[in-house]
Amino acid sequence: FLLQDIHSGLPYLEAARVSADQPEAKNLDRYLESCLGLLCKTQGDLKGAESHYRHSLQIARDAGIWREPLILRGNLANALLELGEYGRLLPILRKIRRHVELGESFREALHERSILASAFMVLGDLESAERYITEILDLAGENGSDISTAGALLRRCQIHRIRGNFKAARSDLKGAFEYENA
């Protein structure tokens, strides 16, 4: 979403939510909370983002939706990661891992593996981070996603740098720029 799209769409979502008494109302509530979480995050209010993402997850759970909460959990994990709330992040990561193992769409697969790789890098578990980066590279390569490939190569470059393997880091950095400029 573009920030302006969120701003311009919120009044309509709010009006639809208030007037709706159909089953879709819960979907609108969930979507509205998710949008508000994204809006808070873009404005630097990570605590507000966390609150809205958690509320959106609760609405989804109450409605019996299991697929979308994977993306919502990813958004929540990102907010907790940026807040440095690592203790609260770990249970969310475990749930994401379980869903990743169950299979998901291409977009979800890249999104969740990217969050897991970033989180494990911050937590210092480079082996787990590298495993998810490899999965991103495999998925992105099969499906032609240049942005995901470039991002994964940059993450792997950081891991090589931390390990002192500067030749491999340079190679991944060069590869990332080639994808970004393609």
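Structural data are supplied above this passage.
Overview of the structure. Nothing here was measured: the structure is a model prediction, and the numbers come from that model.

## Concerning the pattern of salt bridges
This model, assessed by the stated rule, comprises seven salt bridges. Where Glu-82 meets Lys-41, a salt bridge forms, and the shortest distance between an N and an O atom there is 3.1 Å. Residue Glu-82 is located in helix α4 (residues 68-83), and its partner Lys-41 is located in helix α2 (residues 24-42); the two are separated by 41 residues in the primary sequence. What makes Glu-82 partly exposed here is its relative accessible area of 47%. Lys-41 sits in the partly exposed class, given a relative accessible area of 24%. Of the charged contacts in the structure, one is a salt bridge between Glu-50 and Arg-54, with a shortest N-O distance of 3.0 Å. In this pair, Glu-50 and Arg-54 are both assigned in helix α3 (residues 46-62), four residues apart and thus about one turn of the helix distant. For Glu-50, a relative accessible area of 7% gives the class buried. Overlapping salt bridges bring together Glu-50, Arg-54 and Arg-88 as one network.

Rules used in this analysis
Residues numbered from 1 in each chain as written. Predicted model: local features only at pLDDT ≥ 70, side-chain atom pairs only at ≥ 80, totals over all residues. Heavy atoms only, no water. Salt bridge = Lys/Arg side-chain N within 4 Å of Asp/Glu carboxyl O. Helix = DSSP H or I, 4+ residues; strand = E, 2+ residues; numbered from the N terminus. Buried < 20%, exposed > 50% of the residue type's maximum accessible area, 1.4 Å probe, protein only.

None of the figures reported here should be taken as evidence of function without further support.
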